[in-house]
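# Overview (structure and organization)
So the chains spell out like this:
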Amino acid sequence: MPPPPPSEPKASRLASIDVYRGIVMFLIGMRLLELDEAAKHFPGSAVWRFVGFHSAHVPWVGCSLNDLIHPSFAFLTGAALIFSVSSRVAKGQTMRGMVGHALWRSVVLVLLGIFLRSLGRPMTNWTFEETLTQTGLGYMAVFALALCRVGTRWIWFALILAGSWLLYACYPVVAPHADLDAVNIPQHWSHDFTGFYAHWNHNRNVGWSMDLWLLNLFPRVRPYVGYYGGYATINFIPMIATMILGLMAGTWLRQGQGSPGWVLRRLTLAGAACVAAALALHFGGVCPIVKRLWTPSWVLLSGGCCFLALAALYQVVDVWQRRRWSFLFLVIGMNPLAFYLMRHVLDPWMADTLQRHLGKGLFLILGRELQPVLAGSASLTVLCLVVLWMHRRKIYLRV
């Protein structure tokens, strides 16, 4: 293995990070098509079953393509932070200025997530499981680790995984609830664990118990009893570990700008090692792979997939310079916050406006089963055109 190049090369933007981020945002936009719902109309089709599975979250254990969106977002936050910090240092920004900006970004992300969760509600919906909110809650810790040595990051990575596992494993197993509706668990729920893994059951775990206390401290229309999806506020803690993996990827990309083979080997080996470790923990009876609780094995599995995805994109986009196919993703990836907010804020308005002016019949040409797919495709096209217009005029939403 050739030695890495000097540890302080000039930081330059890598297109692969923006393309990866753009793909992640595009997949978020693809949720407008409701492909998982459309797949239910074609139970005999293997293709539709595959599409439906990867267009939705798995009920509890396992992983689909849709499940990798949030960890990819967190991973890329860490990777991009390395280049952001290096750029600010090169411009002569003081440490006080960088800390202030990081704190501002953290607060804005938290509040934006709460804003999105409050859309259509009679009052502010104080919950902290939204992607932006979770990222904001962990951002200051990741910023601090971006300034630390590599060894320090790995120590904190291990401590976070071990502490997160102990928090759940040491909390007493909660008995099954007599009334699932009373704790916001879907009816006919059939994905609970038995044995040791019962510590990680849906709304029967330490994360759920802590939220019963925390979220009821805020004003609410009705008392909080549990997330329907089983998420927990404390997910942001192990998510910091995912962002640390992103920090490592960003560090290798920056250090290896003159040695792409070295970078590719690092990313690939790290990805394979993380996936192997996750499977060993899950099937070894140590920790289940549950995205909705961001378990340590989920950190490793999703982080490994992120390493491998970034390695592939780095090779194709930055090393081979084959970029024409990725132009749309690059544009979206350079303006992710604008795309993300428009996707969530304008969705109902776009769907209603398009059907009003183009006519509902246009979206029925393939049958009622595929009406949401056509309507969602039209909305997604509008979002892409708006972001392209912003890109051409160099309008980027930053915090």
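Residues numbered from 1 in each chain as written. Predicted model: local features only at pLDDT ≥ 70, side-chain atom pairs only at ≥ 80, totals over all residues. Heavy atoms only, no water.

### Quick word on empty space enclosed by the protein
- As enumerated under the stated definition, the model contains one cavity of 30 Å³ or more in all.
- Each pocket or cavity is described by its volume, and for the largest cavity that value is around 40 Å³.
- Leu81, Ser84, Val85, Arg88, Met98, His101, Ala102, Tyr139 and Phe143 are the residues that line the largest cavity.
- In terms of residues, the lining of the largest cavity owes the most to one element, helix H4 (residues 69–90), which gives four residues. (1 Å grid on protein atoms, 1.4 Å probe; cavity = no way out; pocket = protein on both sides within 12 Å on 5 of 7 lines; lining within 4 Å. Points joined across faces, edges and corners; volume = space filled by probe spheres on them. Helix = DSSP H or I, 4+ residues; strand = E, 2+ residues; numbered from the N terminus.)

### Looking at unusual backbone geometry
- In this model, Asn184 sits at a positive phi of 65°, which is unusual for a non-glycine residue.
- Inspection of the secondary structure assignment puts Asn184 in the loop between helix H7 (150–169) and helix H8 (206–214).
- Residue class for Asn184 comes out partly exposed when judged on its relative accessible area of 27%.
- The phi dihedral of Gln321 falls on the positive side, at around 60°, and the residue is not glycine.
- As for its placement among the helices and strands, Gln321 is situated in the loop between helix H11 (296–319) and helix H12 (327–333).
- Judged by its relative accessible area of 48%, Gln321 is partly exposed. (Buried < 20%, exposed > 50% of the residue type's maximum accessible area, 1.4 Å probe, protein only.)

### What to know about the state of the cysteines
- A complete count under the given rule lists zero disulfides for this structure.
- Free cysteine Cys305: the closest other cysteine sulfur is in Cys63, separated by 5.5 Å. (Disulfide = S-S within 2.5 Å.)

### Some details on the packing of aromatic side chains
- Summed over all chains, the structure comprises 18 aromatic pairs.
- For the pair Phe75 and Phe307, a centre-to-centre distance of 5.2 Å together with 85° between the ring planes defines the contact as edge-to-face. Placement of Phe75 in helix H4 and of Phe307 in helix H11 is noted, with a sequence separation of 232 residues between them.
- Feature note: the residues Trp165, Tyr168, Phe193, Phe196, Tyr197 and Trp200 constitute an aromatic cluster, connected by ring pairs. (Phe/Tyr/Trp six-rings, centres within 6.5 Å; stacked < 30°, edge-to-face > 60°.)

### Things to note about helix H10 (residues 260–283)
- Over its 24 residues, H10 extends 35 Å from the first C-alpha to the last, a length consistent with the 34 Å expected when each residue adds 1.5 Å.
- If you follow the buried residues of H10, they end up packed against helix H9 (236–255) and H11.
- Gly285, located one to two residues past H10, shows a positive phi value of around 80°. (Expected span 1.5 Å × (residues − 1). Contact = heavy atoms within 4.5 Å.)

The values are spatial; any link to function lies outside them.
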